[in-house]
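Analysis of the macromolecular model
Spelled out from the first residue to the last, the chains are:
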Amino acid sequence: MKGFGYLRPGSVEEAAEAFAAHPGARYLAGGTNLVDLMKLGVESPTCLIDIGRLPLDAVEELPDGALRVGATVRNSDLAAHPLVRDRYPVLSQALLAGASGQLRNAATTGGNLLQRTRCPYFQDLDKPCNKREPGSGCGARDGVHRDHAVLGHSPHCIATNPSDMAVALTALDARVELYGTEGSRVIPVADFHRLPGAHPERDTEIRPGELITGVLLPAARAGVPSAYRKARDRASYAFALASVAVVLRVAEGVVDQVGLAFGGLAHRPWRAHHAETALLGAAATPAAFEGAVALELERAEPLRDNAYKVPLAHNLALEVLNRLAPAPVAP
């Protein structure tokens, strides 16, 4: 076992200062991903900075109707929160689709956003992985890649992002609050995760030492239709082969609000910008949904063993869009 230090700061400011003072440190909250990676030898922090008891565990409604979710709010608590269930059902459903009840009781909002890929080549120190060891190669590309990316991948990495929650947050236009030694900033969830490019070791746009302090959900009224659908190999405790999060509001038969994001297809939650553009202002018909989803997924570049993901994601999206759209009024 490798030794490491342990600190429990009393404030967000102290946490950032402690991180800066300890090269190789990692923040610890629920630990449901980090501790596993430490056991595997993928992560070897010099110091764990425990932020689990900082006052970041509240869900607050802001004056403008937006919702602020603290970084250490547990996934189970967030899924069950009355305002989340009423106004953002897609988020509640996505959280309940992730992991097991025991893990949801420990996992946090910030940790969920920062969890790393479950690619077996990344988790196995005996296998080449550019994400774990830049320049070593991507073992999955010519190896076992049934579960890997079909969108936005690069010659350096074909891993997928494992989060269900992040897919829903992307469709909802949520934003991430960050704090570091240079101060605070806020960025859209859709821009928080990166595509691999030539640097797959960088999962997110978070700067060294920054920590997530919260997530901001835009104001929404109860009753705006939204839903999350996930396909997986077994009914529980399995990561998505493909998933979709949809927010859809239709007025007088025309789409006037749409958020669409895919999970399990790329290195980050995939915001379907092309499909959204095609749908906004269009008639909410099965044909329009079909055309928009096909337009988005024509960008897919499946590999030898994962071409099934394209029709799977297509059918998931169509099922949810058609389910959320109001039935046409009979003449």
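Everything that follows concerns the structure shown earlier in this document.
These numbers were taken from a predicted model, which means no experiment stands behind them.

The rules behind the values
Residues numbered from 1 in each chain as written. Predicted model: local features only at pLDDT ≥ 70, side-chain atom pairs only at ≥ 80, totals over all residues. Heavy atoms only, no water. Buried < 20%, exposed > 50% of the residue type's maximum accessible area, 1.4 Å probe, protein only. Helix = DSSP H or I, 4+ residues; strand = E, 2+ residues; numbered from the N terminus. Pairing = 2+ DSSP bridges. Right-handed = clockwise from strand over helix to strand, strands pointing away. Core = buried A, V, L, I, M, F, W, Y, C linked by side-chain atoms within 4.5 Å. Contact = heavy atoms within 4.5 Å. Axes fitted to C-alpha atoms, helices over the stretch in contact; angles between N-to-C directions.

1. Re the pairing of strand 3 (residues 47–50)
Burial along strand 3 is two-sided: the residues Cys47 and Ile49 and Leu48 and Asp50 are all buried. With three bridges connecting them, strand 1 (residues 5–7) and strand 3 associate as parallel partners. Note that in strand 3 the partner of Leu7 across the bridge is Ile49. Both strand 2 (residues 25–28) and strand 3 contribute to a ladder of four bridges, which runs parallel. When the sheet's bridge partners are listed, Leu28 is paired in strand 3 with Asp50. The parallel pair strand 2 and strand 3, bridged by helix 2 (residues 34–40), forms a crossover whose chirality is right-handed.

2. A word on the nonpolar core
Core analysis: the biggest nonpolar cluster contains 49 residues, and Tyr27, Ile49, Leu91, Leu113, Leu169, Val176 and Leu217 have the highest contact counts within it. At six residues, helix 10 (residues 165–171) tops the list of elements feeding residues into this core. Setting aside its immediate chain neighbours within four residues, Ile49 contacts Leu7, Pro9, Ala15, Ala18, Phe19, Ala25, Arg26, Tyr27 and Leu28. Counting residues in hydrophobic clusters, the runner-up holds 33 residues, among them Ala275, Phe289, Leu316 and Leu318.

3. What to know about the sheet that holds strand 1
Here we have three strands laid out as an open sheet, ordered 1-3-2, and parallel in their pairing. The open sheet has two free edges, formed respectively by strand 1 and strand 2, since each of these has just one partner strand. Sheet twist, expressed as the mean angle between neighbouring strand axes with direction ignored, is 25°. This element, helix 1 (residues 12–21), spans strand 1, strand 2 and strand 3 of the sheet and lies at about 155° to strand 2.

That is the geometry; function is a separate question.
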